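One-letter residues, chain by chain:
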There are 2 protein chains.
Amino acid sequence: MRAVRRSLLIGVYGLSILLFLLFFWYYGLRGQNRDLEEGPVALAGDIQEVYVMVMFQSELDYWRGIMKGFEDAAMNLNVSVEFRGATQYDAHEEVVVLEQVIAKKPAGIAVTAINPEALNASIDKAVQEGIPIVLFDSGAPASKAYAFYGTDNYKAGTVAAREMARLLGGKGEVAVITQPTQLNHQERTEGFRDTIAREFPDIRVLEVADGKGEIMGSRDAAREILLKYPDVDGLFATQANGGVGIGMAVKELGLVGQKVIIGFDIDKGTLDLVKEGTINATLAQGTWNMGYWSLMGLFHLRHGLVETGEGGSNTGHPLPPFVDTGITIVTQQNVDQFYAK
Amino acid sequence: MRAVRRSLLIGVYGLSILLFLLFFWYYGLRGQNRDLEEGPVALAGDIQEVYVMVMFQSELDYWRGIMKGFEDAAMNLNVSVEFRGATQYDAHEEVVVLEQVIAKKPAGIAVTAINPEALNASIDKAVQEGIPIVLFDSGAPASKAYAFYGTDNYKAGTVAAREMARLLGGKGEVAVITQPTQLNHQERTEGFRDTIAREFPDIRVLEVADGKGEIMGSRDAAREILLKYPDVDGLFATQANGGVGIGMAVKELGLVGQKVIIGFDIDKGTLDLVKEGTINATLAQGTWNMGYWSLMGLFHLRHGLVETGEGGSNTGHPLPPFVDTGITIVTQQNVDQFYAK
């Protein structure tokens, strides 16, 4: 009787243990399936996984939206991010910072290139060592970086030209203040000029002047244009300091409200001039998009979630090589939502 | 004695059931934590969440890579996908299919536009009703769709021009066979012509001919060019049927290996001609990227994972408005990996 009872108990316990093991095994498998190396059912990394963003002039306000996007993507993906920057506008310093970051072998690096060439050797070496690298905001087209997340600057010039034409009623004389040594500014100027020439036969571009990327340089250039061509109807600055400089010049010459002014970017100086009505419009770049999708791209490279193998139509481009992060026109109507919180 | 044994058995069973329930509860909670509405630590949706891809000429091989990308993203995000297509090259039929899909209020829709205008009213209505819509492969720029995932066709023309110049040693006379009624083919032709004119002064574009998008039409156009200009050195087809048609013409005229031929796309007919050496190169579009990143964009819109609120630099563009999915040059060396499995 005892023997029967004992064997019965053992049977019951044995069955329970077997069922437990089955459940563990079942959930264990499901859990493993969530692991990215085995074929994920969710995009999730490890909090130990560190992605680094590398900048130049790291204290610029401009980067804040990009950093926020990078952080938001990290939160969604359960990974960590760090920010490293050269403090100066100095190519050598950025190379040194990037090399230090590469030496730590992070999960991935998003970098903005101070110029299109300086970082190429470091980027290419890191990519060859298997560290995923993407570019944001300022590209390095000849490097081996997998993708570039930034503004289509030629298209930004097109948007500026159409907004200028709208504000001028399709007719008038305009000038551009730019920074002719930098590729992104050349492209904005080209997009502006081409679009005016192609779409607005009654608008003429009188001059493209060098504002040297500075407020005072742009103020001087704008002043000279306003004095040389008293009938100029509109001014377009391809760069944030340019808009502020033009604003200064029209104020000094008592011309506020008499000229159409289009600026670039959404630094506080430019936004204030839009809000008070000195500048008619400025162009906001999709900075959050740059940061967010940079990390999304790096994560996909890191976890091998890209199609590169045989039968792969993307063999040459594991990630989309260019992501246009967009341009939004900011006017007095919507300016308030662009101030940093 | 029987009573004791029975109560003992009940106790063992009860304990087992309790432990089972505890485990269910524990794993159930872990599952819930992955739910995005509670603040995500992973990008994961619900398997009940259905995203739909809408195509035209749905039986075309060309869509297969795109569908694969869409499916792979769905697997990674734990959501479901469906495919709906007009079977014909018929704008009205695609509108009907799209309207049927919209009526079911899916989680999001990725659509390729048979022409840049036909679908705009349907797309705009759906977006206003809160259904996220993105475009892939063929865009509808004037619609309210949030983004376009596809080839930069002008750039594809540039890539073709540089490959042509490389194969010709920077010197010679060439012709283009295209489909002049379609925007993407106009852009490829323009990118090709502009790049030749800008970068290769010793190459001349003799003629741009209409292959009517058909194999026989392209064969006739190629034949005419080859007879009219016996010294023509290279031919570029902006479209898959064009490459196959040119291949047919050079074979008929006994000119295989004497002309440089660049095709487009990676249908079996074109790949076979590359493999045997009749066509020197063809251009593979990043089809997997189109499908994969379309779903990724829709998922982000659906779950509100985009920055659109106050202080948002992306106000005008919750998603990057254009994602260039890339072009890869396919030659005899790498052709094998492009055959569909």
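Below is a short write-up of the structure. (Residues numbered from 1 in each chain as written. Chains lettered and ligands numbered in written order. Predicted model: local features only at pLDDT ≥ 70, side-chain atom pairs only at ≥ 80, totals over all residues. Heavy atoms only, no water.)

1. Here we look at the overall build of chain A
Helix and strand content of chain A: ten helices and twelve strands. Taking all 341 residues of chain A together, 54% fall into the buried category. Carbon and sulfur atoms provide 54% of the accessible area of chain A, an area that totals close to 14,800 Å². (Helix = DSSP H or I, 4+ residues; strand = E, 2+ residues; numbered from the N terminus. Buried < 20%, exposed > 50% of the residue type's maximum accessible area, 1.4 Å probe, protein only. Areas by Shrake-Rupley, 256 points an atom, 1.4 Å probe, with all protein chains shown as cover.)

2. Side note on the pattern of salt bridges
Should their charged atoms come close, side chains of opposite charge can pair. All names here are of chain B. Evaluated as defined, the whole model comprises 32 salt bridges over all chains. The salt bridge involving Glu99 is made with Lys125; its shortest N-O contact spans 2.7 Å. Of this pair, Glu99 sits in helix α3 (residues 91-103) while Lys125 is found in helix α4 (residues 120-128), placing the two residues 26 residues apart along the sequence. Note on Lys125: relative accessible area 34%, which makes it partly exposed. Across the salt bridge formed by Arg162 and Glu199, the nearest N and O atoms sit 2.6 Å from each other. In this pair, Arg162 sits in helix α5 (residues 153-167) while Glu199 sits in helix α6 (residues 183-199), placing the two residues 37 residues apart along the sequence. Given the relative accessible area of 42%, Arg162 is considered partly exposed. (Salt bridge = Lys/Arg side-chain N within 4 Å of Asp/Glu carboxyl O.)

3. Describing the nonpolar core
Judged by nonpolar contacts, the single largest core of 64 residues is most densely connected at Leu43 and Phe136 of chain A together with Leu43 and Phe136 of chain B. Leaving out residues up to four positions away in the same chain, Phe136 of chain B has contacts with Met53, Val54, Met55, Trp63, Ile66, Ala110, Val111, Thr112, Phe148, Tyr149, Met290 and Ser294 of chain B. (Core = buried A, V, L, I, M, F, W, Y, C linked by side-chain atoms within 4.5 Å. Contact = heavy atoms within 4.5 Å.)

4. As for the packing of aromatic side chains
Note on aromatic pairs: each is described by the distance of the centres and the angle between the planes. Residue and element names in this part refer to chain A. All chains considered together, the criterion is met by 19 aromatic pairs over all chains. Centroid distance Trp288 to Tyr292: 4.7 Å. Interplanar angle 20°. Geometry classified as stacked. Highlighted residues: Trp288 and Tyr292, both in helix α10 (residues 287-302), separated by four residues, approximately one helical turn. For Tyr292, a relative accessible area of 0% translates into the label buried. Ring centres 5.3 Å apart and planes at 70° place the aromatic pair Tyr292 and Trp293 in the edge-to-face group. (Phe/Tyr/Trp six-rings, centres within 6.5 Å; stacked < 30°, edge-to-face > 60°.)

5. Let's talk about empty space enclosed by the protein
Considering all chains together, one arrives at one cavity of 30 Å³ or more under this definition. Size it by volume and the largest cavity reaches roughly 100 Å³. Along its surface, the largest cavity is lined by Tyr149, Trp293, Leu319, Pro320 and Val323 of chain A together with Tyr149, Trp293, Leu319, Pro320 and Val323 of chain B. Class assignment for the residues of the lining of the largest cavity results in ten nonpolar, no polar and no charged. (1 Å grid on protein atoms, 1.4 Å probe; cavity = no way out; pocket = protein on both sides within 12 Å on 5 of 7 lines; lining within 4 Å. Points joined across faces, edges and corners; volume = space filled by probe spheres on them. Nonpolar A, V, L, I, M, F, W, Y, C, P; charged D, E, K, R; others polar.)

6. Focus on the sheet that holds strand β8 (residues 234-237) of chain B
Residues and elements named next belong to chain B. If you trace the six strands from one edge of the open sheet to the other, you get β7-β6-β8-β9-β10-β12, paired in mixed fashion. Two strands bound the open sheet, and with one partner strand each, they are β7 (203-210) and β12 (327-330). Within this sheet the neighbouring strands show an average axis-to-axis angle of 20°, counted without direction. Sheet strands in contact with helix α9 (residues 268-276) are β9 (260-264), β10 (281-285) and β12, and its direction is about 140° off that of β10. (Pairing = 2+ DSSP bridges. Axes fitted to C-alpha atoms, helices over the stretch in contact; angles between N-to-C directions.)

7. With respect to the sheet that holds strand β2 (residues 80-85) of chain B
Read across the sheet, twelve strands follow the order β2(A)-β1(A)-β3(A)-β4(A)-β5(A)-β11(A)-β11(B)-β5(B)-β4(B)-β3(B)-β1(B)-β2(B) without closing on themselves; strand pairing throughout is mixed. One side of each edge strand has no neighbouring strand; the edge strands of this open sheet are β2 (80-85) of chain A together with β2 of chain B. The mean inter-strand angle of the sheet, taken between neighbouring strand axes irrespective of direction, is 20°. Pairing analysis gives three bridges linking strand β11 (residues 322-324) of chain A to strand β11 (residues 322-324) of chain B, with the strands arranged antiparallel. The residue of β11 of chain B that forms the bridge with Asp324 of chain A is Phe322 of chain B.

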